[in-house]
Amino acid sequence: MSHLLLAVVAWAAVLRGSVASENRLLNRQTVNDYLEMCMIGQNHKEVPGPESSLYQECLPWKDRSCCRDNVTQAFHNSPTWYKFSWNHCSGHQLSPRCKTRFVKDLCFYECSPNVGPWLVQENRKWRTERFYNAPLCKNECDAWWEDCKDDFTCMDNWSKGDFNWTSGVNSCPSHRPCRSFTQIFKNSTSFCERVWDYAWQVVPDNQPCMKIWFDASQGNPNYAVAKQKAEALLTISGAQRLTALNACLVIMLLILIV
């Protein structure tokens, strides 16, 4: 009987394992759990909601956003954000077209309420979560690349590159010469995926994929992409729980037979 009791306890532990976890990302049981969440970051809301306004390039997210208006104004007008400067190459400034692309990307990072299905844990001072391998439409990536390919950098991974931080702001170390984006990244896909340490995964336009920027009058196209991914993840996790349950039942039957 004691063996049977242990088996029952193990069974119950499997069934409630995801709920008991300290990692909130493992506690999601419904589609809304994936869609009604913002990443845990320094400037993010706890849950998405409307704003009376958002600044300039971030305006498309006004109706449902993980950021606040004062945050969007701050990073539009600040030379650095999280102590990071896009103009880290001495003697080079990002071209206006390229800077606009990175500002739109930052709007997505701070404001998008649609990254829940791609959130993973990360241990940094300003965030404990990030999105990873979110699908980016190829045409979005190509447009970003076209506006930035002639600009300059010294690193292919801006999240983990060995920048010089002695001044408190990133700059290029002496052993990392500045070269054009074309020389550093070679092509659009490599650029979009590597620059922020694979936050993005470039996919064909005929697959479900994210738009970094969109016409808000037509609605947010990324909602449907996130919803489809959430449904797929729940299907997988449901199958995994069923497999674990079946395994526990087999163990209980074997104990009873013995």
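Refer to the preceding data block for the structure.
Residues numbered from 1 in each chain as written. Predicted model: local features only at pLDDT ≥ 70, side-chain atom pairs only at ≥ 80, totals over all residues. Heavy atoms only, no water.

Student: I'd like a description of the overall build of the chain, backed by residues and values.
Tutor: Counting its secondary structure elements, the chain contains eight helices and six strands. Reading the helices (α) and strands (β) of the chain from amino to carboxyl end gives α-α-α-α-β-β-β-α-β-β-α-α-β-α. Out of the 258 residues in the chain, the part that is buried amounts to 43%. For the chain, restricting intrachain contacts to residue pairs at least 6 apart in sequence, the fraction spanning at least 24 positions comes to 66%. Working note: accessible area of the chain is about 13800 Å², and carbon and sulfur atoms make up 56% of it. (Helix = DSSP H or I, 4+ residues; strand = E, 2+ residues; numbered from the N terminus. Buried < 20%, exposed > 50% of the residue type's maximum accessible area, 1.4 Å probe, protein only. Contact = heavy atoms within 4.5 Å. Areas by Shrake-Rupley, 256 points an atom, 1.4 Å probe, with all protein chains shown as cover.)

Student: So, the packing of aromatic side chains: which residues are in play, and what are the values?
Tutor: A complete count under the given rule lists 24 aromatic pairs for this structure. Feature note: the residues Phe84, Trp86, Phe102, Trp144, Trp145, Trp158, Phe163, Trp165, Phe181, Phe185, Phe191 and Trp196 constitute an aromatic cluster, connected by ring pairs. Geometry around Trp213 places Lys104 over its ring, the cationic atom sitting 4.5 Å from the centre. (Phe/Tyr/Trp six-rings, centres within 6.5 Å; stacked < 30°, edge-to-face > 60°. Lys NZ or Arg CZ within 6 Å of the ring centre and 35° of its normal.)

Student: Tell me about a nonpolar patch on the surface, and please be specific about residues and values.
Tutor: The grouping of Val120, Tyr132 and Tyr198 at the surface amounts to a nonpolar patch, some 240 Å² of accessible area in total. Its relative accessible area of 34% is what places Tyr198 among the partly exposed residues. (Patch = residues over 30% accessible without salt bridge, like charges linked within 9 Å, V, L, I, M, F, W, Y side chains within 5 Å. Salt bridge = Lys/Arg side-chain N within 4 Å of Asp/Glu carboxyl O.)

Student: Can you break down the nonpolar core residue by residue, with the values?
Tutor: The biggest cluster of nonpolar side chains holds 54 residues, and the ones touching the most others in it are Phe102, Phe131, Trp158 and Phe181. Going through the elements one at a time, helix 3 (69-77), helix 4 (96-111), strand 3 (134-137), helix 5 (138-148), helix 6 (181-185), helix 7 (188-194), strand 6 (200-203) and helix 8 (222-257) are the ones with two or more residues in this core. Here the element with the most residues in this core is helix 4; it accounts for eight residues. Setting aside its immediate chain neighbours within four residues, Trp158 contacts Phe84, Trp86, His88, Phe102, Thr153, Phe163, Phe181, Arg194, Val195 and Trp196. (Core = buried A, V, L, I, M, F, W, Y, C linked by side-chain atoms within 4.5 Å.)

Student: Tell me about the state of the cysteines, residues and numbers included.
Tutor: What the rule picks out here adds up to eight disulfides. Across a sulfur-sulfur distance of 2.0 Å, Cys58 and Cys107 are joined as a disulfide pair. Taking the sign of the S-S torsion, -80° for the link of Cys58 and Cys107, the bridge is left-handed. In this pair, Cys58 is assigned in the loop between helix 2 (31-35) and helix 3 and Cys107 in helix 4, connecting sequence segments 49 residues apart. Pair check on accessibility: Cys58 and Cys107 agree, each one buried. (Disulfide = S-S within 2.5 Å.)

Student: Explain the pattern of salt bridges residue by residue, including any values.
Tutor: Side chains that carry opposite charge are capable of pairing whenever their charged atoms lie near each other. Inspection of every chain in the model, using the stated rule, returns 15 salt bridges. Here Asp162 makes a salt bridge to Arg176, at a shortest N to O gap of 3.3 Å. Placement of Asp162 in the loop between strand 4 (152-153) and strand 5 (179-180) and of Arg176 in the loop between strand 4 and strand 5 is noted, with a sequence separation of 14 residues between them. Its relative accessible area of 36% is what places Asp162 among the partly exposed residues. Here the salt bridges share partners, and the residues they tie into one network are Arg97, Arg101 and Asp147.

Student: Kindly report on the environment of Leu59, identifying the contributing residues and their values.
Tutor: Counting through the fold element by element, Leu59 comes out in the loop between helix 2 and helix 3. Using a relative accessible area of 42% as the deciding quantity, one classes Leu59 as partly exposed. Leu59 sits 157 residues away from Ala216 along the chain, and the two C-alpha atoms are 8.0 Å apart. Among all residues touching Leu59, those that are not within four sequence positions of it are Ser53 and Leu54.

Student: Can you explain the pairing of strand 2 (residues 127-131)? Please cite residues and give values.
Tutor: The element strand 2 is largely enclosed, with a buried count of four among its five residues. Relative to strand 2, strand 1 (residues 119-124) runs antiparallel, the two being bridged by four bridges. Following the sheet pairing, Arg124 is matched in strand 2 by Arg127. Turn length for the strand 1-strand 2 hairpin, with the two strands adjacent in sequence and antiparallel, is two residues. (Pairing = 2+ DSSP bridges.)

Everything listed here is a matter of geometry and, on its own, says nothing about what the molecule does.
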